[in-house]
Structures are given as C-alpha cells and as structure tokens.
Amino acid sequence: MFYYLLKHVLLGPVLRLLFRPRTEGLEHIPQDGAAIVAGNHLSFSDHFLMPVVLKRRITFLAKQEYFTGPGVKGRLTAAFFRSAGQIPVDRSGKEAGQAAIREGLGVLARDELLGIYPEGTRSHDGRLYKGKVGVAVMALKAGVPVIPCAMVGTFEIQPPGQVVPKIKRVKIRFGEPLDFSRYAGMENDRTVLRAVTDEIMYRILALSGQEYVDDYAAKVKEAEQAAQQRKFPRFRR
C-alpha cells in the first residue's frame, strides 16, 4: 500500500534523517486493537512525524481543505492525503462534526489506530487550547483507550504559514493509555464529555509543557484577527 511505501521508502527515511525524532513512551501504543492517539497540533509536520515513529499504521482525521485546494498544488496535496489513507473532515458546523465522528468510529471498528487533534486546528501561537468533545464521544462509543501524545519542537520547525520546515530535532512523547470505561453508555451526557475531554487535554499538557488556554483555538484566533483589523484597518479610497 502507498501508506507503507511512504513510511518506509519515500518519506519516512528522509524525515528520520533530517529531524531525528526522539520518542518517549512508545510502549504505551498497543500492539493491536483499536485505540485513539490524541495529540497537540503545532505544525503541518505533525501529520508526518508521528506516523514515522509508530510501528502500526495510524489514520488521521484531516481537515477537508487539504483535499479541496485549487490548482496543481491542491490536486497533488489531495492525492497525497488520500493515498496515505487520511480522512477528510468538514469542520463547518454541528452536522460536520457528527460526520467526523462517524468516520472516526469506522476506523476504530476496524481495530485500527485513529489519530486526532482535539483542539480542532493547529495552534497559531504554540499554546495548548481547549479540546473539543468529539474525542470523548468516540472514546466512549467505541469503548477504546486514549493515548495522549505531545509533539515537542514542531512549532519551532514549521509554525503556521511557514512552507519549508527548519531542520531541527523534535521530540514525540506518548503517555499512558487513559481508560474511560467507567463512563460507558454516557456519551450523550455533556458534563461527562467535557470532563473526559479535559482529562485528555490535561495529560497532553503534562507531556508537552505548553501554556494552556481555556478557550477554543479557532475562537481566539478569530478574535485576535478581528482586533488586528480594527487596529490597522485597510486603506479605503
């Protein structure tokens, strides 16, 4: 399959040579069976560096924009992500979130690893933001463990907006699996979902050492952009 060709021949060896990823806690990844790997999201490079260090295949829920870009670049990007087995997710609205959950549950039903970024988008400033509850819904519905993961150093090598990453060593930490079986059957309880999600984010925070912001990344970024526009309005004739 193209996924393994990328990982072991085309892309993986190059990434390991350039970024020399150091890992901690790989023993926490189960050798078989379904599980969710929930990580912070600092860089476009995260999509590639985490799979490189895992023995098992992992499927990510990737934003739909990677599959719908214009021009030759857009078509190549879409072909790459599809060939690598990644799943497009429409992030606009409640129904889109339900579709993402269905796709994720499908991956878990095949006893595979599902990669997800609970923040819902890349951090624009390197801080860790409040997680969305979709990860909790999937964990409880599928009855699977959640392995927290922290990417360390990827923001420095390729922050949002930077096309070519800097060549610098990165670290990837995996924490002990989180068991939420005590909440079985409670996936419709918003209080439970919030508690489960916050526990996952706390474990990611402990691994990453980031500053935490108790608000959604997209909301904070939108507010900052609006404030910037008010401060420096575009010149109008």
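Please refer to the structure placed before this passage.
I will try to describe carefully the structure that is included in this document. As the structure is a prediction and not an experimental result, all values here were calculated from the model. (Residues numbered from 1 in each chain as written. Predicted model: local features only at pLDDT ≥ 70, side-chain atom pairs only at ≥ 80, totals over all residues. Heavy atoms only, no water.)

### Here we look at the side chain of His41
The line we're drawing: A run of DSSP states H or I qualifies as a helix once it reaches four residues; a run of E qualifies as a strand once it reaches two. Both are numbered from the N-terminal end. Side-chain atoms alone can form a polar contact between residues adjacent in sequence; in general such a contact is a pair of N or O atoms within 3.5 Å, and within protein one must be able to donate a hydrogen while the other accepts it.
Assignment of secondary structure puts His41 in the loop between strand 2 (35–39) and helix 3 (46–53). At a separation of 3.0 Å, a polar atom in the side chain of His41 contacts the side chain of Asp46.

### Quick look at a nonpolar patch on the surface
Rules: Like-charged residues within 9 Å of one another, or nonpolar side chains (Val, Leu, Ile, Met, Phe, Trp, Tyr) within 5 Å, are grouped into patches, provided each residue has over 30% relative accessible area and no salt bridge. Only the protein chains shown count as cover for residues, and all accessible areas are computed by the Shrake-Rupley method using a 1.4 Å probe. Here, a salt bridge means any Lys or Arg side-chain nitrogen found within 4 Å of an Asp or Glu carboxyl oxygen. The buried label goes to any residue with under 20% of its type's maximum accessible area, the exposed label to any with over 50%, and the partly exposed label to all in between, with areas taken from a 1.4 Å probe on protein chains only.
There is a patch of nonpolar side chains on the surface, built from Phe2, Leu5, Val9 and Leu10 and spanning about 340 Å² of accessible area. Given a relative accessible area of 47%, Leu10 falls into the partly exposed group.

### Overview of the pairing of strand 5 (residues 113–116)
Going by this rule: Paired strands, as defined in this entry, are two strands with at least two bridges between them according to DSSP.
By the alternation rule, side chains of strand 5 split into Leu113 and Gly115 and Leu114 and Ile116, which are all buried. Bridging between strand 2 and strand 5 involves 4 bridges; their strand directions are parallel. Residue Val37 lies in a different strand from strand 5, and its bridge partner there is Gly115. For strand 3 (residues 58–63) and strand 5, the ladder comprises 3 bridges, and the chain directions are parallel. Note on strand 5: the bridge partner recorded for Phe60 is Gly115.

### Side note on the pairing of strand 7 (residues 146–152)
When you tally the buried positions in strand 7, you get 6 out of 7 residues, the bulk of the element. Two elements, strand 2 and strand 7, share 4 bridges in a ladder whose sense is parallel. Directly across from Ile36, in strand 7, lies its bridge partner Val146. Sheet topology note: the strand 7/strand 8 (residues 171–174) ladder contains 4 bridges and is antiparallel. Residue Cys149 lies in a different strand from strand 8, and its bridge partner there is Phe174.

### Considerations on empty space enclosed by the protein
Selection criterion: Definitions used throughout: a 1 Å grid over protein atoms alone; a cavity as a set of points that fits a 1.4 Å probe which cannot get out; a pocket as an open set with protein on both sides within 12 Å along at least five of seven lines; a lining residue as one with an atom within 4 Å of a point. Grid points are joined across faces, edges and corners, and a volume is the space filled by probe spheres set on the points. Each residue is assigned to one of three groups, with Ala, Val, Leu, Ile, Met, Phe, Trp, Tyr, Cys and Pro labelled nonpolar, Asp, Glu, Lys and Arg labelled charged, and all others, Gly among them, labelled polar.
Applying the stated criterion across every chain yields a total of 1 cavity of 30 Å³ or more. When its volume is computed, the largest cavity comes out at roughly 200 Å³. Along the wall of the largest cavity there are 16 residues; nearest its centre are Tyr3, His47, Phe48, Pro51 and Ala84. Elements with a contribution of two residues or more to the lining of the largest cavity: helix 1 (2–10), helix 2 (12–19), helix 3, strand 3 and helix 4 (71–83). Ranked by the residues each element gives to the lining of the largest cavity, the list is headed by helix 3, at 4 residues. Of the residues contributing to the lining of the largest cavity, the split by class is 12 nonpolar, 3 polar and 1 charged.

### A word on the sheet that holds strand 1 (residues 22–24)
Convention followed: Fitted lines through C-alpha atoms serve as axes, helices being fitted only where they are in contact, and the angles separating the N-to-C directions of these axes extend from 0 to 180 degrees. Any pair of residues with heavy atoms lying within 4.5 Å of one another is described as a contacting pair.
Ordered in space as 1-8-7-2-5-3-4, the 7 strands form an open sheet in which the pairing is mixed. What marks the edges here is a single partner per strand, and that holds for strand 1 and strand 4 (87–89). Averaged over all neighbouring strand pairs, the angle between strand axes comes to 25 degrees, with direction disregarded. On the sheet, helix 6 (residues 134–142) packs against strand 2, strand 3, strand 5 and strand 7 and is oriented at approximately 165 degrees with respect to strand 2.

### Observations concerning the packing of aromatic side chains
Rules: Stacked, edge-to-face and tilted labels apply to pairs of Phe, Tyr and Trp rings (six-membered ring for Trp) whose centres lie within 6.5 Å, assigned for plane angles under 30 degrees, over 60, and everything in between, in that order. The criterion for a charge sitting over a ring is simple: Lys NZ or Arg CZ within 6 Å of the ring centre, and within 35 degrees of the ring normal.
On inspection of all chains with the given rule, the structure shows 3 aromatic pairs. Between Phe44 and Phe48 the ring centres are 5.3 Å apart and the planes differ by 65 degrees, which places this aromatic pair in the edge-to-face class. Where Phe60 meets Tyr117, the ring centres are 5.4 Å apart and the plane angle is 20 degrees; that geometry is what we call stacked. Placement of the pair is Phe60 in strand 3 and Tyr117 in the loop between strand 5 and strand 6 (128–129), with a sequence separation of 57 residues. For the pair formed by Phe60 and Tyr117, the shared burial category is buried. Over the ring of Tyr3 we find Arg57, and its NZ or CZ is 4.6 Å from the ring centre.

### Some thoughts on the packing of helix 1 against helix 2
Rules: Angle categories: roughly parallel below 35 degrees, roughly antiparallel above 145, roughly perpendicular from 65 to 115, and oblique for all the rest.
The contact between helix 1 and helix 2 brings their axes to 4 Å, and the two run at 40 degrees. For the element pair helix 1 / helix 2, the angle class is oblique. Judged by residue contacts, Leu6, Lys7, His8, Val9 and Leu10 of helix 1 engage Gly12, Pro13, Val14 and Arg16 from helix 2. Counted by class, the contact of helix 1 with helix 2 contains 5 nonpolar, 2 polar and 2 charged residues.

### Structural notes on the environment of Ala38
Mapped onto the elements, Ala38 comes out in strand 2. Not counting the four nearest positions on each side in its chain, Ala38 is found in contact with Ile116, Pro118, Val135, Val146, Ile147, Pro148, Cys149, Ile200 and Ile204.

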